[in-house]
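So you can see what is in the structure, the chains are spelled out below.
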Amino acid sequence: MSRFSRIYKIHELLRAAHYPVPMRVFMDELEASRNTVTRDFEFLRDTLSAPLEYCREYNGHRYNPDAPVFELPGFWMTPAELHALLACEHLLENVQLGLISPHLNPLKKKIQQLLGASGHDAEQISERIRIQPIQNRISKNRVFDPVAQATLAGHCLEFSYQSRSDTGDSQSRCVHPQRLLHYRSNWYLLAYCERAWALRLFSLDRISNICITEAECHRLSSSELDTFALAGFGIFGGKPRDIAHLRFSEHAAKWVAEEKWHPEQESQWQADGYHLKVPYADDRELVMEILRYGAEVEVLEPTELRGEVASRVKKMQKIYC
């Protein structure tokens, strides 16, 4: 066990004990010799200014009960906790390049120094934890940064937006940012749009000419935002207009039965397969998800959704026949 870990363990033993802790307990818990524990005691007292004292009456060590409550100074965590923190930083950086590195680099270097002192290799984090983005669209930092800043600070945004479904020129928008969403490897801004006078979802990769204004944004309640963003299936928001009833084959159900498609989904095994009911507001993403399973899934209801899927299948059949 490294000194880093031993000091942390000694501190925990001293804090948890109601009476002075005998030397034998420290030696057993730390799996260390008396000399090693004694040197750690000296480090605690002389370097970290811990109010550590020997109590002859109980033949053990304790923190002076009359001294102020002592905590390990600075950023003191176990190697496991430091590794977890570095892993989180690495994961965030892979989700959005440049998101936090300019702000956390000094802290990251300090963590690496601490881990280095404890005999752990911090550089292994980037080799052993990887995010493999699939079909992600690049959100440039010159867009992401102001969107994140305005969303957190509560300021309105002005920008040009070119929707994929709109073949015309980009449109100027003034919006009140509500939430920044990361969904299926891509970033979206949920905002109240003054052009539509309603909540809208904006894909960050379609935003340009962005500007943070001085105007404070109008905040909507969490319930309103959840109703828009979470009520229906997928990224297309709004109140559910119908419920999709899907039947999966036994083979596909090995995966689907363990997935969460929607917070209010209903599912059960029946004699003819695995049945899943999902509320949806817009069928575009749902149709794509259904087609992904091919012949392993059948839409039972509603008729409109079943017809849309059948129409897509017929168009595909014309291509390959």
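Residues numbered from 1 in each chain as written. Predicted model: local features only at pLDDT ≥ 70, side-chain atom pairs only at ≥ 80, totals over all residues. Heavy atoms only, no water.

- You'll find the protein chain entered in an unreviewed UniProt entry as YafY family transcriptional regulator, with Vreelandella zhaodongensis given as the organism.

## A word on the layout of surface pockets
Then, number 1: Quantified by volume, the second largest pocket comes out at close to 380 Å³.
Then, number 2: Lining the second largest pocket are 20 residues, with Tyr183, Ala229, Leu230, Gly234 and Ile235 sitting closest to its centre.
Then, number 3: Of all the secondary structure elements, the ones that give two or more residues to the lining of the second largest pocket are strand E4 (171–183), helix H8 (222–230) and helix H10 (283–292). (1 Å grid on protein atoms, 1.4 Å probe; cavity = no way out; pocket = protein on both sides within 12 Å on 5 of 7 lines; lining within 4 Å. Points joined across faces, edges and corners; volume = space filled by probe spheres on them. Helix = DSSP H or I, 4+ residues; strand = E, 2+ residues; numbered from the N terminus.)

## Overview of helix H2 (residues 23–30)
Then, number 1: When we look at burial in H2, the residues that qualify are Met23, Phe26, Met27 and Leu30. Along the axis of H2, the buried positions cluster into a sector of 95 degrees, meaning they face one direction only.
Then, number 2: With its phi angle positive at about 50 degrees, Glu31 sits one or two positions after the end of H2. (Buried < 20%, exposed > 50% of the residue type's maximum accessible area, 1.4 Å probe, protein only. Arc of directions from axis to C-beta.)

## A short note on the environment of Ala196
Then, number 1: With respect to the helices, strands and loops of the structure, Ala196 is situated in the loop between strand E5 (186–193) and strand E6 (198–203).
Then, number 2: The exposure class of Ala196 is partly exposed, given its relative accessible area of 30%.
Then, number 3: Residues Ala196 and Cys174, 22 residues apart in the sequence, show an inter-C-alpha distance of 10.0 Å.

## Here's the deal with the sheet that holds E5
Then, number 1: A sheet is described by the order of its strands in space; here five strands give the open sequence E6-E5-E4-E3-E7, paired in antiparallel fashion. Here the strands that pair on one side only, and so sit at the sheet edges, are E6 and strand E7 (207–216). In this sheet, neighbouring strand axes are inclined to one another by 45 degrees on average, regardless of whether the strands run parallel or antiparallel.
Then, number 2: Note: strand E3 (residues 155–161) against E4, five bridges, orientation antiparallel. Looking at the pairing, Tyr161 lines up with Gln171 of E4. (Pairing = 2+ DSSP bridges. Axes fitted to C-alpha atoms, helices over the stretch in contact; angles between N-to-C directions.)

## Quick notes on the pattern of salt bridges
Then, number 1: Applying the stated criterion across every chain yields a total of 15 salt bridges.
Then, number 2: Between Glu53 and Arg62 there is a salt bridge whose closest N-O contact spans 2.8 Å.
Then, number 3: Under the relative-accessibility criterion, Arg62 is labelled partly exposed at 29%.
Then, number 4: For the salt bridge of Glu298 with Arg247, the shortest nitrogen-to-oxygen distance reads 2.3 Å. Residue Glu298 is found in strand E11 (residues 297–301), and its partner Arg247 is found in strand E8 (residues 242–248); the two are separated by 51 residues along the sequence.
Then, number 5: Given a relative accessible area of 22%, Arg247 falls into the partly exposed group.
Then, number 6: Connected via shared salt-bridge partners are Arg247, Asp272, Glu298 and Arg306. (Salt bridge = Lys/Arg side-chain N within 4 Å of Asp/Glu carboxyl O.)

## A few points about the packing of H10 against helix H11 (residues 303–320)
Then, number 1: Where H10 contacts H11, the axes come no closer than 10 Å and their chain directions differ by 55 degrees. Taken together, H10 and H11 sit at an angle that is classed as oblique. Crossing angle aside, the handedness with which H10 passes H11 is right-handed. When H10 is examined against H11, the residues Asp283, Leu286, Val287, Ile290 and Leu291 are found in contact with a partner set consisting of Leu305, Glu308, Val309, Arg312 and Val313.
Then, number 2: For the contact of H10 with H11, a count of residues per class yields seven nonpolar, no polar and three charged. (Parallel < 35°, antiparallel > 145°, perpendicular 65-115°, else oblique. Left-handed = near helix turned anticlockwise from the far one by under 90°. Contact = heavy atoms within 4.5 Å. Nonpolar A, V, L, I, M, F, W, Y, C, P; charged D, E, K, R; others polar.)

## A short note on the side chain of Glu289
Then, number 1: Residue position: Glu289 is located in helix H10.
Then, number 2: The buried category is assigned to Glu289, whose relative accessible area is 6%.
Then, number 3: Among the polar contacts made by the side chain of Glu289, one reaches the side chain of Arg292 at a distance of 2.6 Å.
Then, number 4: Residues in contact with Glu289, not counting those within four places in the same chain, are Arg184, Phe233 and Trp261. (Polar contact = N/O pair within 3.5 Å; in protein donor to acceptor, adjacent residues only side chain to side chain.)

## Topic: H8
Then, number 1: If you check which residues of H8 are buried, you get Leu225, Phe228 and Ala229. Buried residues of H8 fall within an arc of 85 degrees about the axis and therefore sit on the same side.

## Regarding the sheet that holds E11
Then, number 1: Sheet architecture is open: four strands sit in the order E9-E10-E8-E11, paired in antiparallel fashion. In this open sheet, the two edge strands, each paired with only one partner strand, are strand E9 (266–270) and E11. Going from strand to strand, the sheet's axes swing by 25 degrees on average, the running direction of each strand aside.

## Remarks on the packing of H2 against helix H3 (residues 34–46)
Then, number 1: H3 packs onto H2 with a crossing angle of 100 degrees between their chain directions and a minimal axis gap of 10 Å. Classed by the angle they form, the pair H2 and H3 counts as roughly perpendicular. Within the contact between the two elements, H2 uses Met23, Phe26, Met27 and Leu30 and H3 uses Arg34, Val37, Thr38 and Phe41.
Then, number 2: Here the contact of H2 with H3 is built from residues that sort into six nonpolar, one polar and one charged.

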